[in-house]
Amino acid sequence: MPAAKSIFSKETFQFFRELGRHNKKVWMDANRERYQETVVLPFRRLLEELSPAVLKLDERFDALGRRGANFSRINRDIRFAKDKTPYHPHMYVKFSLPLPGEMKSGQLYTGISADSVTVGFRVYAEPKRKLSSIALIAEPRIAENPKWLAQQKKRLDKKYDSYWYASVKGEWTKHDGWPTAADWPRLQGWIVRKKVSPSAATRATFPADISKTFRDLYPLLKFTALQ
């Protein structure tokens, strides 16, 4: 499903580079129109290009184009953050599915920053681990089929990077590689992704390339988070 022409341009990456250097409200206010043209509109077009393929994977995906649901917020919540800069110098388009209560399903996502592009799957123990899809959906399935994680590693390891988080004394610690069934009871988050060059995002084939990755990684989302 290649787009008629490329969605993103070098100006998108240039905007994020300059935002990283001038991360203040006065600069952002002076560049609002540029932000809309080089970031917001291309991301909305990417969502439109990806939605048919995503809904083909599962018609329950949220693809309505709402900020927060499909697009990350560029405004940073600085209330409890050490970093007090007001803006994120990156943006994500993401797809998730509704689950009961406050449980989160995980996401298929694409992110663009000043000098990197990532495409992948991620799931976190939200809102709390004991109430999360990681604990209530994935953990019983892994107990029933402990070989599943190794099977996914064999299927995907050559094309994608994997890392996961565990909580140690209340602090999240990152572990590179693929989690095992023995690791799962302490797992707080899992990401499987690949990085591509910024030039790849400026090609007309970018939406089709993302869709192929989403097809590869959707089984991870389905197993760990979908009922």
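Preceding this paragraph is the structure being described.
Let me sum up the structure you'll find in this document. (Residues numbered from 1 in each chain as written. Predicted model: local features only at pLDDT ≥ 70, side-chain atom pairs only at ≥ 80, totals over all residues. Heavy atoms only, no water.)

### Re the pairing of strand β6 (residues 187-196)
In plain terms, the rule: Relative accessibility decides the category of a residue: with a 1.4 Å probe and only protein chains considered, values under 20% of the type maximum give buried, values over 50% give exposed, and everything between is partly exposed. Only DSSP runs of H or I covering at least 4 residues are called helices, and only runs of E covering at least 2 are called strands; the numbering of each starts at the N terminus. Paired strands, as defined in this entry, are two strands with at least two bridges between them according to DSSP.
Most of β6 sits out of view: seven of its 10 residues are buried. Pairing analysis gives six bridges linking strand β4 (residues 161-168) to β6, with the strands arranged antiparallel. Residue pairing across strands places A166 opposite L187, the latter belonging to β6.

### Points about the pairing of β4
Across six bridges, the pairing between β4 and strand β5 (residues 171-176) is antiparallel. When the sheet's bridge partners are listed, V168 is paired in β5 with E171. What sits between the antiparallel neighbours β4 and β5 is a turn of two residues, in which K169 has the positive phi angle 55°.

### Focus on the pattern of salt bridges
So the rule is basically this: Salt bridges are counted wherever a side-chain nitrogen of Lys or Arg sits within 4 Å of a carboxyl oxygen of Asp or Glu.
Enumeration according to the criterion identifies eight salt bridges in this entry. A salt bridge links R66 to D62; the shortest N-O distance between them is 2.2 Å. Where R186 meets D183, a salt bridge forms, and the shortest distance between an N and an O atom there is 3.7 Å. Here D183 falls in the buried class, since its relative accessible area comes to 15%. Counted as one network, the salt bridges with shared partners bring together K25, D29 and R32.

### Overview of the nonpolar core
Keep this limit in mind: Within this scheme, the nonpolar core is defined by two criteria: the residues are buried Ala, Val, Leu, Ile, Met, Phe, Trp, Tyr or Cys, and they are joined through side-chain atoms within 4.5 Å. Between two residues, a contact is recorded if the distance between any of their heavy atoms is within 4.5 Å.
Counting residues in each nonpolar core, the largest one holds 57 residues, and the members touching the most others are F16, F121 and W190. Not counting chain neighbours up to four residues away, the residues in contact with F121 comprise Q107, L108, Y109, W190, I191, V192, L217, L220, L221 and T224.

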